[in-house]
Every structure is written in structure tokens, then in C-alpha cells.
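Observations on chain architecture
Spelled out, the chains give:
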Amino acid sequence: MQLSKYPRVKLIHSPTPLEYLENLTQHLDGPDIYIKRDDCTGLAFGGNKSRKLEFLIGDALKNKADVIITAGAVQSNHCRQTAAAATKFGMECIIVAKPSWSKEYNGNLFLDELLGAKLVLLEEDNEALDQGGKLSMEETIENLMADLKTKGKNPYYIPVGGSNSIGSLGYISMTMELIAQANEMGIEIGSMVAASGSGGTQTGMILGADVEKSGIQTVGMAISSDATIVIPKLKDLCNQTSDYYELGLSYEEKDIIFNDNYIGEGYGIPSEEMIEAVKLLARKEGIILDPVYSGKAFAGMVDLIKKGYFDKSKAVVFIHTGGTPALFVYSDSFREYIQN
Ligand SMILES: *Cc1c(COP(=O)(O)O)cnc(C)c1O
């Protein structure tokens, strides 16, 4: 697949490192475990959204946009990286943010404003707003778009998580990069594991692995919604993206591996397993995960390794999707577990 055909800007440090987790591999006595350091993409503390934004901002510039509008939860890593990317290319950024577990003015919320984004904070979560007759996130965005257009602006909307066909290119690109690195290092990868939320990351990984005919399995780990909700969406986004770029691939629900056993109580709500996983990687390898996405996904991967889920003869690669600025608003939840 010729990625150079599509509009793109340069935002990230690439290739991101592919590191062997020697201590963790020994500790778990399972397959060789590697980590792809997409927390080190570079832009404003890094993370997976910057890969998608290379193509999304490329498309926005092609469309001569002057304002970027996007949305997410208050601690959204996507919104922070979008704010950084927009400002770098001289565009305004408006973020529509809905409340989540943490109410603290810190982490990503603080960084959004530091990066110059304008925040439109919704008072309650989406459903509650609909029921209360107030504006939902979607209506708020539609109104903002209409208002900007009457003022002669040219707004460009990036969906939650940057997850559409254009954004998914970022993770097709990551997968091609990873396969090239693995070939060079002589590593045979059996599975890639990543946190999966709005779906663009997993979609790109699935398509990238198939475009390259690599046989690598993509395991998405749920962080908010159950498999019954997410798998049909992932299947649709995979098919849409394949059609959009004429890749000739097609997917059914049974082709999508998505594990929803490690969400805990819900999106952004800390779980004991997440805290133990973050602590484990910190103390074995000195690498920091985040509490909302990579921490829960890593907890899931460790548990599956312990249960013998993966073929021990091939490597498992954890895709570290970033999110570390959110960790600081969770320090109180960690305290009793780490003071020993
Ligand atoms: C957004 C995000 C994800 C999930 O990516 P999607 O493409 O939305 O599925 C995973 N990890 C982190 C840290 C994120 O910010």
C-alpha cells in the first residue's frame, strides 16, 4: 500500500522504538514480550492519536481548514494531541469535552488550554444531557460548526479519537513500520495487543497486518464498551476503510478479536488490576503506562499470558498507545498500592 499517495503532515518521531521487555518476559515465563513505544511519538507528550493526526491534519490542510473541532472526555489524550497538531499548523482548535471520572484541572485538561485550545465543557455525560433536554455532544458540535461557517470560517471536524478511515491510515502505517522493524531484528510476531476505544487504532492494525499478509493477530482490549457494541463498529470501520482505499479486504464480526474482560467498573474508573499492571511495568522495566487505556490493556495482556493464551514460540508486541499525562490525576488511587 502506497501511503505516500495521501495528504500527510509530519508530526511524530518515527520509527518509534521496538523494545524487548527482558525482565517481564522472565517474570511471566511466557512468550517473548516486546513493546512498541508509541507513547514516544513526541508531539506534546506523544501517544497514538498523533499518528492518525498526520493524515487528518493533512486532509484538513488540503481542505483549507482554519479551525479544527474535535471532542472527547475531559482527560482525552486525543484532544490534547489534536490541540498541539492544530496549533503547529496555524489552525484554531475547539474541544468539546464531556465529564469523566476525574474532575481535576490537571493532566490533559490543563495541557489543552496550555496549547491554546478553546474548551467547551459539557456539564453532564451525553445520555444525561439528551434526557435533560440540553444539548448533546453531537448537537453542540453541529451548532459550533454552523456558527463558525456563518462567521466565514472553514471548520474541519475530527471525530472522537480521530477514528475514521483517514485516521486509521496512521495505524496501517504503524503496522507497516513495526513489521519492517521486526524483520530487521529477526523477530517473529504472533500477536499485537493494544487498548481499543473508538476503534481507529485497532482497525489500522488489522488492515496493516492483512495488507502486509503478515499473519499477525491483533488483540484489542476494551476500555469502555462491551464487545457486543464494539465488534460491529470495528467490523464496519475495517470494511469502510478497506473500501475507501480500495484494499480489497473484507471482514465479518468473527474476524475481530476484542476482549472486554478487563474494563473494570467503566471508562476511566481505576481498577486494582490496572494499578497492579502499571506498577508491574514501572518496577520491572521503568516504563510508565496510563490509567485509562494502556494500563487496563496491559493488565489484560499479562493475564492472558498467565493463562497460556498466546503461542509461546512467537513474540507478543504490546503497542504502548501513550496517555501518560492522565496518570497524574490518578495519583491518589495508586497511593496505597505503591507505598511499600
Ligand atoms: C485513544 C487512545 C487509545 C485507543 O485508541 P482508539 O483508536 O480510540 O481505539 C488507546 N490508548 C490511548 C492512550 C489513547 O489515548
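Residues numbered from 1 in each chain as written. Predicted model: local features only at pLDDT ≥ 70, side-chain atom pairs only at ≥ 80, totals over all residues. Heavy atoms only, no water.

Okay, a negative patch on the surface next. Judged by side-chain charge, E272, E273, E276 and E336 come together as a negatively charged surface patch. The element that contributes the greatest number of residues to the negative patch is helix α10 (residues 272-285), accounting for 3 residues. With respect to the helices and strands, E276 occurs in helix α10. (Patch = residues over 30% accessible without salt bridge, like charges linked within 9 Å, V, L, I, M, F, W, Y side chains within 5 Å. Areas by Shrake-Rupley, 256 points an atom, 1.4 Å probe, with all protein chains shown as cover. Salt bridge = Lys/Arg side-chain N within 4 Å of Asp/Glu carboxyl O. Lys, Arg positive; Asp, Glu negative; His and termini not counted. Charge placed at Lys NZ, Arg CZ, Asp CG, Glu CD. Helix = DSSP H or I, 4+ residues; strand = E, 2+ residues; numbered from the N terminus.)

Moving on to the site of the ligand. Close to the ligand lie 17 residues; K49, K52, S198, T201 and T321 are nearest. The separation between an oxygen atom of the ligand and a polar side-chain atom of T201 is 2.6 Å. Applying the majority rule of atoms within 2 Å of the grid points places the ligand in the largest pocket. For the shell around the ligand, the residue count by class is 2 nonpolar, 12 polar and 3 charged. Looking at the shell around the ligand, you find at least three residues from each of domain 1 (3-48 + 164-338) and domain 2 (49-161). (Near = heavy atom within 4 Å. Polar contact = N/O pair within 3.5 Å; in protein donor to acceptor, adjacent residues only side chain to side chain. 1 Å grid on protein atoms, 1.4 Å probe; cavity = no way out; pocket = protein on both sides within 12 Å on 5 of 7 lines; lining within 4 Å. Sits in = over half its atoms within 2 Å of the grid points. Nonpolar A, V, L, I, M, F, W, Y, C, P; charged D, E, K, R; others polar. Domains from an automatic or database assignment.)

Take the environment of A85 next. As for its position among the elements, A85 is in helix α3 (residues 77-88). Taking the relative accessible area as the measure of exposure, A85 reaches 0% and is therefore buried. Residues A85 and I269 lie 184 residues apart in sequence; the distance between their C-alpha atoms is 28 Å. The residues touching A85, leaving out its near neighbours within four places in the chain, are L11, L43, L53 and I57. (Buried < 20%, exposed > 50% of the residue type's maximum accessible area, 1.4 Å probe, protein only. Contact = heavy atoms within 4.5 Å.)

Time to look at the pairing of strand β10 (residues 315-319). With 5 of its 5 residues buried, β10 lies for the most part within the structure. Here β10 shows a buried face lined by A315, V317 and I319 and a second buried face lined by V316 and F318. When strand β2 (residues 33-36) meets β10, the two strands line up parallel, connected through 4 bridges. Among the inter-strand pairings, I35 is bridged to a residue of β10, identified as F318. Note that strand β7 (residues 189-196) and β10 share 4 bridges and pair parallel. Looking at β10, one finds that I189 is bridged to A315. (Pairing = 2+ DSSP bridges.)

Another aspect to go through is the domain arrangement of the protein. Taken domain by domain, the protein comprises domain 1 (3-48 + 164-338) and domain 2 (49-161). Just the C-alpha atoms count here: the centres of domain 1 and domain 2 sit 24 Å apart. Each partner contributes to the interface: domain 1 provides 41 residues, whereas domain 2 provides 35 residues. A buried area of about 3100 Å², summed over both sides, lies between domain 1 and domain 2, and 64% of it is on carbon and sulfur atoms. On the surface where domain 1 and domain 2 come into contact, there are 3 salt bridges. Applying the counting rule to domain 1 against domain 2 returns 15 residue pairs in polar contact (both at pLDDT 80 or more). When contributions to the side of domain 1 that touches domain 2 are tallied by element, the ones reaching two or more residues are α7 (165-185) and α8 (200-211). Considering every element that reaches the side of domain 1 that touches domain 2, the biggest residue donor is α7, with 8 residues. Looking at the side of domain 1 that touches domain 2 residue by residue, the class counts come to 21 nonpolar, 15 polar and 5 charged. (Buried area = accessible area lost by both parts, 1.4 Å probe.)

This brings us to the packing of aromatic side chains. Going through the model one piece at a time under the given rule, you end up with 8 aromatic pairs. Consider the rings of Y267 and Y293, whose centres lie 5.9 Å apart with planes at 75°: the pair is edge-to-face. One end of the pair, Y267, is in the loop between β9 (257-259) and α10; the other, Y293, is in the loop between α10 and α11 (294-306), and 26 residues separate them in sequence. A ring pair is formed by F298 and F318, whose centres lie 4.9 Å apart and whose planes are at 85°; its orientation type is edge-to-face. A residue pair is termed long-range when its members are at least 10 positions apart, and F298 in helix α11 and F318 in strand β10 qualify at 20 residues. F318 carries the same exposure label as F298, and that label is buried. Here the guanidinium or amino end of K49 rests over the ring plane of Y293, the centre of that ring lying 5.6 Å away. Its end group placed over the ring of Y171, R51 keeps NZ or CZ at 5.9 Å from the ring centre. (Phe/Tyr/Trp six-rings, centres within 6.5 Å; stacked < 30°, edge-to-face > 60°. Lys NZ or Arg CZ within 6 Å of the ring centre and 35° of its normal.)

Our next topic: the sheet that holds strand β4 (residues 92-98). Sheet strands line up and pair through hydrogen bonds in the backbone, either parallel or antiparallel. The 4 strands lie next to each other as β5-β4-β3-β6, forming an open sheet whose pairing is parallel. Each edge of the open sheet carries a strand with a single partner, namely β5 (118-121) and β6 (155-157). The average undirected angle you get between the axes of adjacent strands in this sheet is 25°. Pairing between strand β3 (residues 67-73) and β6: 3 bridges, direction parallel. By the bridge assignment for β6, I68 is matched with Y156. (Axes fitted to C-alpha atoms, helices over the stretch in contact; angles between N-to-C directions.)

Another point: unusual backbone geometry. That bond from S14 to P15 is cis: its omega, 0°, falls within 30 degrees of zero. Among the structural elements, P15 can be located in the segment before β1 (18-20). For D29, which is not glycine, the phi dihedral falls at a positive 50°. If you trace the backbone, D29 turns up in the loop between α1 (22-28) and β2. Judged by relative accessible area, D29 falls into the exposed class, the value being 56%. Phi angles above zero are rare outside glycine, and K213 is one such case at about 50°. Note on placement: K213 falls in the loop between α8 and β8 (217-222).

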